[in-house]
Amino acid sequence: GGMPRTFSFNSIATLNRSKSPESRTTRSFEEGELGDPRLASSAVWRVERDTNASYAVMEAFPQPVATAMLEGRRIEPISKEMVSVYFSDIIGFSALSSAMPAPKVSRMLGRLFGKFDQLAAQHGVQKVDVIGDSYIAATNFLRDQSTDHAARLARFALDAMAAARETLVDDGSDTD
């Protein structure tokens, strides 16, 4: 018996900073390790849930902010004199998305924003957020790019527009 073993969000995050799913750590339990096999199953689910939550935090926030959150540290405000901010959204998205099944819309956004993420990394641009069909990014935000932040973001924006033009709305896959 006894109480089921639980894991804190912080301890799971420390084990699991890898972005690739196959290299993320998952703790399994031997039958009887926690007493009742049902508790072991529940504990495995909690570990996997917390691991996925840690991964989501690392994906959703800039690395220094995510790390501080996962370690339970205070998040210090970031103050900059100058930043350049990129904002885009898809023209006609409401009409487009209402005419397509949700899985196709999701795949389309995944393809487009995946390209944007690659371009952001290539240009040294920090993705700030994705909200629906909107992509928000910035330069001179986490890294000192004071000498070229506007030009860097402009090059990213031009490449993002080209990527958007090349991204198929419907990739033809019928796995809905």
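What counts and what doesn't
Residues numbered from 1 in each chain as written. Predicted model: local features only at pLDDT ≥ 70, side-chain atom pairs only at ≥ 80, totals over all residues. Heavy atoms only, no water. Helix = DSSP H or I, 4+ residues; strand = E, 2+ residues; numbered from the N terminus. Buried < 20%, exposed > 50% of the residue type's maximum accessible area, 1.4 Å probe, protein only. Contact = heavy atoms within 4.5 Å. Areas by Shrake-Rupley, 256 points an atom, 1.4 Å probe, with all protein chains shown as cover. Phe/Tyr/Trp six-rings, centres within 6.5 Å; stacked < 30°, edge-to-face > 60°. Salt bridge = Lys/Arg side-chain N within 4 Å of Asp/Glu carboxyl O.

**Student:** I'm lost on the overall build of the protein chain in this one. Help?
**Tutor:** What the protein chain contains, in helices and strands, is 6 helices and 3 strands. Starting at the N terminus and ending at the C terminus, the protein chain contains elements arranged as α-α-α-β-α-α-β-β-α. A buried classification covers 31% of the 176 residues belonging to the protein chain. Of all intrachain contacts in the protein chain linking residues separated by at least 6 positions in sequence, the fraction that spans at least 24 positions is 63%. By element, 56% of the accessible surface of the protein chain is carried by carbon and sulfur atoms, the whole surface being about 10700 Å².

**Student:** Honestly, the packing of aromatic side chains in this entry has me stumped. Any pointers?
**Tutor:** Each aromatic ring pair is characterised by the separation of its centres together with the angle its planes make. In this structure the tally under the stated criterion is 8 aromatic pairs. For the pair F113 and Y135, a centre-to-centre distance of 5.5 Å together with 40° between the ring planes defines the contact as tilted. In this pair, F113 sits in helix α5 (residues 102-123) while Y135 sits in strand β3 (residues 134-139), placing the two residues 22 residues apart along the sequence. This pair shows no difference in class: F113 is buried, exactly as Y135 is. Aromatic rings pair up to connect Y86, F113, F116, Y135 and F156 into one cluster.

**Student:** What exactly am I supposed to notice about helix α3 (residues 63-70) here?
**Tutor:** Helical periodicity: at 3.6 residues per turn, an α-helix aligns residues three or four positions apart in one direction. Here α3 has its buried residues at V65, A66, T67, A68 and L70. Where α3 terminates, the next one or two residues include G72, which has phi positive at roughly 75°.

**Student:** I would appreciate a short explanation of the pattern of salt bridges in the present structure.
**Tutor:** Opposite charge on two side chains allows them to pair when their charged atoms are near. All chains considered together, the criterion is met by 3 salt bridges. A salt bridge links D117 to K127; the shortest N-O distance between them is 3.3 Å. Of this pair, D117 sits in helix α5 while K127 sits in strand β2 (residues 126-131), placing them 10 residues apart in sequence. For D117, a relative accessible area of 30% puts it in the partly exposed group. Here K127 falls in the partly exposed class, since its relative accessible area comes to 26%. Measuring nitrogen to oxygen at the nearest pair gives 2.9 Å for the salt bridge that ties R152 to D148.

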